[in-house]
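Commentary on secondary and tertiary structure
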Amino acid sequence: MTVRIRAATVGDASALYAAERETAKTPGFLVSRPNELHTAAFAARIAELEAPGHRGRYVVATGPQSEVLGHALLEPMSLAAISHIFRLTIVVHPGHTDRGVGRALMSDIVAWASSDHRVEKIELLVRATNERAIQLYRKFGFVEEGRFIKRIKLQDGRYLDDIAMALHL
Ligand SMILES: CC(C)(COP(=O)(O)OP(=O)(O)OC[C@H]1O[C@@H](n2cnc3c(N)ncnc32)[C@H](O)[C@@H]1OP(=O)(O)O)[C@@H](O)C(=O)NCCC(=O)NCCS
């Protein structure tokens, strides 16, 4: 399948919100629970990252009919001393995983970061059980920097560890 990557627009916010809300229903994917996500927050973050001057990057992956298949964002840490570090979030939408969409999003994000001198390091946290995501990050050169034990408490009372991964540019 041909996957295209374009900059997100504020008009994408409700579709991205709906997809993330659905993804968040599966324990072990995202940290946020479905009721903690809000359309307005998606719109605000797209506007902030994609405004002229580009504080970061917010992209969507689209399929042959221009349908949105996933999204990814890279945002700088807000404090000056750690503003050379950007945090990555990536979500391939339900029904579209395992078809190369994650790889296409990662290629765009890593290429953008590599060409922008402000980005010296990309960090992310991934649930230790999310083997698919960990494999994808490793393929792009991310290494494990640490482990947060019992960082995620699921609604059934079980805990998951988080793995800290990073790409040094
Ligand atoms: C994790 C995620 C981003 C991966 O994207 P994807 O589009 O499903 O993955 P791709 O099809 O691009 O595959 C990329 C690589 O991931 C790995 N991968 C894919 N499916 C896998 C699976 N079922 N098990 C293990 N590794 C897998 C492979 O290394 C693959 O590379 P290859 O095709 O060259 O062998 C996506 O599945 C997703 O968003 N899932 C739900 C939300 C989530 O977990 N987000 C990350 C939170 S930290």
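Since the structure is predicted, the reported quantities are computational estimates derived from the model, not experimental observations.

The rules we used
Residues numbered from 1 in each chain as written. Predicted model: local features only at pLDDT ≥ 70, side-chain atom pairs only at ≥ 80, totals over all residues. Heavy atoms only, no water. Helix = DSSP H or I, 4+ residues; strand = E, 2+ residues; numbered from the N terminus. Polar contact = N/O pair within 3.5 Å; in protein donor to acceptor, adjacent residues only side chain to side chain. Contact = heavy atoms within 4.5 Å. Salt bridge = Lys/Arg side-chain N within 4 Å of Asp/Glu carboxyl O. Axes fitted to C-alpha atoms, helices over the stretch in contact; angles between N-to-C directions. Parallel < 35°, antiparallel > 145°, perpendicular 65-115°, else oblique. Left-handed = near helix turned anticlockwise from the far one by under 90°.

Attention shifts here to the side chain of Glu75. Looking at the element boundaries, Glu75 is found in strand S3 (residues 68–76). Engagement of the side chain of Glu75 in a polar contact is seen with the side chain of Arg45, the distance being 3.3 Å. Other than its neighbours up to four places away in sequence, Glu75 contacts Arg45, Leu49, Ile85, Phe86 and Arg87.

Here we take up the pattern of salt bridges. If you walk through the whole model with that rule in mind, you get 15 salt bridges. Residues Asp12 and Arg6 are paired through a salt bridge, measuring 2.9 Å at the closest nitrogen-oxygen approach. Between Asp162 and Arg127 there is a salt bridge, with the nearest N and O atoms lying 2.5 Å from each other. With Asp162 in strand S7 (residues 159–168) and Arg127 in strand S5 (residues 121–127), the pair connects residues that are 35 residues apart, well separated along the chain.

The description of two helices packed together rests on the angle between their axes and the distance between the axes. As a packed pair, helix H1 (residues 13–23) and helix H2 (residues 39–50) sit with axes 8 Å apart at the nearest point and diverge in direction by 125°. As the angle between them shows, H1 and H2 are arranged oblique. The two elements H1 and H2 meet at a crossing, and its hand is right-handed. From H1, Ala13, Ser14, Leu16, Tyr17 and Glu20 reach across to H2, where they touch Thr39, Phe42, Ala43 and Ile46.

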